[in-house]
Every structure is written in structure tokens, then in C-alpha cells.
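Results of the structural survey
Chain by chain, the residues:
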Amino acid sequence: MRIHDVIKRPLITEKAVRGKEFGQYVFEVAKLATKIDVRRAVEQLFKVKVKDVHTVSMHGRRKRVGNHQTMTSDWKKAVVTLRKGEAIELFEGV
């Protein structure tokens, strides 16, 4: 799996931004990506050292528009903890 296919986008939510002070960053990742894939991708893309990776499979939600009801897709997120002194510049403005 290519590193650009592993990480889809960063997740910038209130809870994710609070984790920044502990060196934690949250990403939406490919559903088939393993913790090792995520670690390698983050280290290569952002030139940082990863301490730990936690992954969570998120279930899709029901959406309703008028009489029609549908489901959003299932997805996976990864919480990446960096070593002390490391940071990702992408999140510096948040």
C-alpha cells in the first residue's frame, strides 16, 4: 500500500485539537491500513518519529433526506502519538 493511499486526511475536531498538547494527531486512514502502515506513512510524509498508533473502525451513520434513508460509508481513524519534542507543522495553525 502506498503512503499516499494510507492517509486520506487529517481530522480537525475539538477533541482532536485537544490531543495536540499531548503530541497526538488524528487522521482518517484507509480501511485496510494496519497500524504499521499508518506508522510508516506518517514518518515518511511528515519526517517525524511515531511513538504509538491506535486505530478505530468507525461505523457509518444513517442519513435521512425527506422520505429517503441511506447510510454513510464505514471508515477508519488513527490516533498517532509522536515522541517528545516532535510536531507536525500541518496542525500548527489550529
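The rules behind these values
Residues numbered from 1 in each chain as written. Predicted model: local features only at pLDDT ≥ 70, side-chain atom pairs only at ≥ 80, totals over all residues. Heavy atoms only, no water. Core = buried A, V, L, I, M, F, W, Y, C linked by side-chain atoms within 4.5 Å. Buried < 20%, exposed > 50% of the residue type's maximum accessible area, 1.4 Å probe, protein only. Helix = DSSP H or I, 4+ residues; strand = E, 2+ residues; numbered from the N terminus. Contact = heavy atoms within 4.5 Å. Pairing = 2+ DSSP bridges. Axes fitted to C-alpha atoms, helices over the stretch in contact; angles between N-to-C directions. 1 Å grid on protein atoms, 1.4 Å probe; cavity = no way out; pocket = protein on both sides within 12 Å on 5 of 7 lines; lining within 4 Å. Points joined across faces, edges and corners; volume = space filled by probe spheres on them. Nonpolar A, V, L, I, M, F, W, Y, C, P; charged D, E, K, R; others polar. Polar contact = N/O pair within 3.5 Å; in protein donor to acceptor, adjacent residues only side chain to side chain.

Judged by nonpolar contacts, the single largest core of 17 residues is most densely connected at Ile7, Phe27, Val38, Val42, Val80, Leu82 and Ile88. Contributing elements (two or more residues each) for this core: β2 (24–29), α3 (35–46), β3 (50–58) and β6 (75–82). Sequence-distant contacts of Ile7, defined by excluding residues within four places in its chain, comprise Phe27, Glu28, Val29, Ala41, Val42 and Leu45.

Turning to the sheet that holds β2, a few remarks are in order. Pairing within the open sheet is antiparallel, and its four strands lie in the order β1-β2-β6-β3. Two strands bound the open sheet, and with one partner strand each, they are β1 (7–10) and β3. The average angle at which neighbouring strand axes cross in this sheet is 30°, direction not considered. Pairing of β2 with β6, which is carried by six bridges, proceeds in the antiparallel orientation. In the sheet register, Val26 faces β6, and the bridge partner there is Val79. Relative to β3, α3 is tilted by about 125°, and along the sheet it contacts β1, β2, β3 and β6.

What follows is about the layout of surface pockets. The gaps left among the atoms become clear once a water-sized probe is rolled over them. In this structure, the largest pocket occupies an estimated 410 Å³ of space. Lining the largest pocket are 17 residues, and of these Leu11, Thr13, Met58, Trp75 and Lys77 sit closest to its centre. Elements that contribute at least two residues to the lining of the largest pocket include exactly α2 (14–18), β2, β3 and β6. Ranked by residues supplied to the lining of the largest pocket, first place goes to β6 with three residues. Counted by class, the lining of the largest pocket contains eight nonpolar, six polar and three charged residues.

With that settled, the discussion passes to the environment of Lys47. In this structure, Lys47 sits in the loop between α3 and β3. C-alpha of Lys47 to C-alpha of Phe27: the two residues are 20 residues apart in sequence and 16 Å apart in space. Leave out the neighbours within four places in its chain, and Lys47 touches Val42 and Glu86. Within the structure, Lys47 has its side chain in polar contact with the backbone oxygen of Gln44 (distance 2.9 Å).

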